[in-house]
Amino acid sequence: MVCAEIAPWAKTGGLGDAVAGLSDALCAGGHDVRVLLPRYSHLAVPRGRPHTLEGLGGPFRLGEIEPEPIPPKPKRGKRAAPARQGAAQAPQRQPRPRIFLLELGELTADTVYTGDARDAGRFLHLSAAAVALSAADGWRPDVLHCHDWHTALVPVLQRLEPRSSIPSVLTLHNVGYQGVFADEILEEQGFATLEQVLPADARAGGGTNFLRAGLRAASRVTTVSPTYAEEITRPEFGMGLEDILSARGRDLLGILNGVDYGVWSPDRDPFLAQHYDAADLAPKRRIKEQLLRELQLGPELDAPLIGVVSRLVEQKGIDLLTLVLPALLSDTRATFAVLGNGDAPIAATLRAIADSYPRRVSFTEGYDEKLAHEIFAGSDLTVVPSRYEPCGLTQMYALRYGTIPVVRATGGLADTIQHFDAALGTGNGSVFRDADPQGVLWGVSTALAWYDDRATWSHLVGNAMAADFSWPKQVPQYEALYRSLL
Ligand code: ADP
């Protein structure tokens, strides 16, 4: 795995969770997985002697970090049901991927992304180091699995290193981020020779487009849900890459992301003070009570609490939610707990609404892993009004916590959430069609009407908590893909 993020060491969003979950699940299935990412300055220098590798753009210095063992499931509290069979066995130490950090010298930065040309240099070096690693004597991977634009140039760089002629998979976690840089960037970063093998259309539209280059060169391309795989072959979602994406035909595959229930499950969540499962939701209510207190929201415990955890960018449609918040606040009893960071205008709007309704709306600006877990556990509903969504993890997390997702029917949201049918008792959320304020308002109001009927709501919550999106369910699809390349 060659990537910019892996949770919990380096995570800004779903990419970090997805790489960690897939790598762990592959290891658990008996594969030898090694992960390469940059050593960001918040990550300690690994102990021991670094490995040194020669190659284009090198020499490269790699240190290895020791992954934390996966914690055993915590003991259940007094209220717990009798332990299930097998639970008394000693927890086994699960095999974990080996994680290597690449030293980047003066390009080292304390954030995962700098958002400027330094990113090009950092990820060019990372990609080149991966190629050098796969061409080195000793351990050789069967497949190089690259993620997003950051490492899309791996298969292009492989063309300059005959000893690295192994298959590559490029996974698209979001085609909205393509890594487009001034044409001089390759030369400036010491990679002028890459020009010889760069696909001509990587220069289309001015600038060098890392993702476009990789899309042509990778042996196979995957993305993180079946619906998104289809959507991105069309201009509406392809972000200018629809030509090459549709040209790759059957080489483009959509495999839904999984959830790491070792971290994202209310019966063992390491961030929660209390645990629960579908058999007893009383602790969920206490977590809600605590959350309302912590966020200084109103005392009405029975009013529906709507939690939102999101990057604040146009893609996520949080601006649409802000447009209908005043109506929802005046027409319903709903209370909102929002956690997010990103674009300043969206944050400013949220702050202004929270200031006007301090007992009904709380906005926490920033990135807070613990609060994210508490919001998923303590809320009754969550809203994901994305304009597009490659997979989306928060709706799947919410399901497990018995928190009902209200989502727009796009990408992975469409693949994971089915609109609840109160008469038939089927479905696990509220799904609306249009990315506009009316759509969001309809989706939320519909779910709030279900909330008001106790029997309906508890049936819906039961459906939500029964869903299983664990990684081991998805891994066979990756295995089949890897095998098809050998
Ligand atoms: P994306 O990768 O596009 O941001 P996903 O739904 O795939 O969207 O993944 C989002 C991940 O990032 C989830 O784990 C979510 O809990 C987390 N997250 C997003 N914003 C924050 C935040 N402000 N604080 C903590 N976690 C966040």
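Just above, that's the structure.
Residues numbered from 1 in each chain as written. Predicted model: local features only at pLDDT ≥ 70, side-chain atom pairs only at ≥ 80, totals over all residues. Heavy atoms only, no water.

A. Examining the overall build of the protein chain more closely. Along its length, the protein chain carries 17 helices and 16 strands. Taking 2.2 N^0.38 as the reference for a compact globule, 486 residues should give roughly 23 Å; the C-alpha atoms of the protein chain span a radius of gyration of 23 Å, in line with that estimate. Dimensions of the protein chain, computed from C-alpha atoms along their principal axes, come out at roughly 65 × 55 × 40 Å. The burial tally for the protein chain puts 56% of its 486 residues in the buried class. A separation threshold of at least 6 residues defines the contact pool for the protein chain, and within that pool the share at least 24 residues apart is 74%. A total of about 20,800 Å² of accessible surface is found on the protein chain, and carbon and sulfur atoms cover 52% of it. Across the protein chain, the 47 positively charged side chains and the 57 negatively charged ones have centroids separated by 7 Å. (Helix = DSSP H or I, 4+ residues; strand = E, 2+ residues; numbered from the N terminus. Rg over C-alpha atoms; globule rule 2.2 N^0.38 Å. Buried < 20%, exposed > 50% of the residue type's maximum accessible area, 1.4 Å probe, protein only. Contact = heavy atoms within 4.5 Å. Areas by Shrake-Rupley, 256 points an atom, 1.4 Å probe, with all protein chains shown as cover. Lys, Arg positive; Asp, Glu negative; His and termini not counted. Charge placed at Lys NZ, Arg CZ, Asp CG, Glu CD.)

B. Broad picture of the side chain of Arg-248. Here Arg-248 is to be found in the loop between helix 8 (242-247) and strand 10 (252-254). Arg-248 gets classed as buried once you look at its relative accessible area, which sits at 12%. At 3.5 Å, the side chain of Arg-248 and the backbone oxygen of Arg-216 are in polar contact. Not counting chain neighbours up to four residues away, the residues in contact with Arg-248 comprise Leu-215, Arg-216, Ala-218, Ser-219, Arg-220 and Val-221. (Polar contact = N/O pair within 3.5 Å; in protein donor to acceptor, adjacent residues only side chain to side chain.)

C. Representation of helix 5 (residues 210-217) within the structure. With seven of eight residues buried, helix 5 lies mostly within the body of the structure. Among the residues of helix 5, those classed as buried are Phe-210, Leu-211, Arg-212, Ala-213, Gly-214, Leu-215 and Ala-217. The residue sitting at the N-terminus of helix 5 and contributing the capping side-chain oxygen is Asn-209; that oxygen lies 3.1 Å from the backbone nitrogen of Leu-211.

D. Broad picture of the site of the ligand. The ligand sits among 21 residues. The nearest are Gly-14, Arg-311, Lys-316, Gly-366 and Leu-393. Between the ligand and Asp-17, the relevant distance is 2.9 Å, taken from an oxygen atom to a side-chain nitrogen or oxygen of the residue. Taken together, the residues of the shell around the ligand break down into eight nonpolar, eight polar and five charged. (Near = heavy atom within 4 Å. Nonpolar A, V, L, I, M, F, W, Y, C, P; charged D, E, K, R; others polar.)

E. Summary view of the packing of helix 9 (residues 282-294) against helix 12 (residues 369-378). Helix 12 packs onto helix 9 with a crossing angle of 125° between their chain directions and a minimal axis gap of 8 Å. Accordingly, the angle class assigned to the pair helix 9 and helix 12 is oblique. In the crossing of helix 9 with helix 12, the sense of the turn from one axis to the other is left-handed. For the pair formed by helix 9 and helix 12, the contact residues are Lys-284, Ile-287, Lys-288, Leu-291 and Glu-294 on the first element and Leu-371, Glu-374, Ile-375, Phe-376, Ala-377 and Gly-378 on the second. Its residues assigned to classes, the contact of helix 9 with helix 12 shows six nonpolar, one polar and four charged. (Axes fitted to C-alpha atoms, helices over the stretch in contact; angles between N-to-C directions. Parallel < 35°, antiparallel > 145°, perpendicular 65-115°, else oblique. Left-handed = near helix turned anticlockwise from the far one by under 90°.)

F. Just the pairing of strand 1 (residues 34-38), in detail. Burial runs high along strand 1: five of the five residues are buried. Of the two faces of strand 1, the one holding Arg-34, Leu-36 and Pro-38 and the one holding Val-35 and Leu-37 are both buried throughout. Relative to strand 4 (residues 98-102), strand 1 is paired through five bridges, and the arrangement is parallel. Bridge pairing in strand 4 places Pro-38 opposite Leu-102. (Pairing = 2+ DSSP bridges.)

G. How the structure looks around the sheet that holds strand 9 (residues 220-223). Within the open sheet, the four strands sit side by side as 5-6-9-10. Their pairing is parallel. At either margin of the open sheet sits one strand with a lone partner, and together these are strand 5 (144-147) and strand 10. Here the average twist between neighbouring strands, direction ignored, is 25°. Pairing of strand 5 with strand 6 (residues 168-172), which is carried by four bridges, proceeds in the parallel orientation.

H. Summary view of helix 2 (residues 117-135). For helix 2, with 19 residues, the first-to-last C-alpha span of 28 Å sits near the 27 Å given by 1.5 Å per residue. In terms of burial, helix 2 is a largely internal element, 16 of the 19 residues being buried. Where helix 2 begins, the capping side chain belongs to Asp-116, and its oxygen is found 2.9 Å from the backbone nitrogen of Arg-118. (Expected span 1.5 Å × (residues − 1).)

I. The arrangement of the packing of aromatic side chains in detail. Per the stated rule, a full pass over the model turns up twelve aromatic pairs. Geometrically, the ring pair formed by Tyr-451 and Trp-457 is edge-to-face, given 5.1 Å between the ring centres and 75° between the ring planes. What makes Tyr-451 buried here is its relative accessible area of 14%. The exposure class assigned to Trp-457 is buried, which follows from its relative accessible area of 10%. By the ring-pair criterion, three or more aromatic residues cluster together here, those being Tyr-113, Phe-123, Trp-149, Phe-181 and Phe-210. The ring of Trp-139 carries Arg-34 above its face, with NZ or CZ at 4.0 Å from the centroid. We note Arg-400 situated over the ring of Tyr-261; from NZ or CZ to the ring centre the distance is 3.7 Å. (Phe/Tyr/Trp six-rings, centres within 6.5 Å; stacked < 30°, edge-to-face > 60°. Lys NZ or Arg CZ within 6 Å of the ring centre and 35° of its normal.)

J. How the structure looks around the sheet that holds strand 11 (residues 305-312). Reading across from one edge, 13-12-11-14-15-16 is the order of the six strands in this open sheet, with parallel pairing throughout. With one partner strand each, in any of the chains shown, strand 13 (361-365) and strand 16 (430-432) form the two edges of the open sheet. Between one strand and the next, the sheet's axes are offset by a mean angle of 15°, whatever the strand orientation. Direction of pairing for strand 14 (residues 381-384) relative to strand 15 (residues 404-408): parallel, over a ladder of four bridges. Residue Leu-381 lies in a different strand from strand 15, and its bridge partner there is Ile-404. Docked against the sheet, helix 15 (residues 437-451) engages strand 11, strand 14, strand 15 and strand 16, running at close to 160° with respect to strand 16.

These figures come from the coordinates and say nothing about function on their own.
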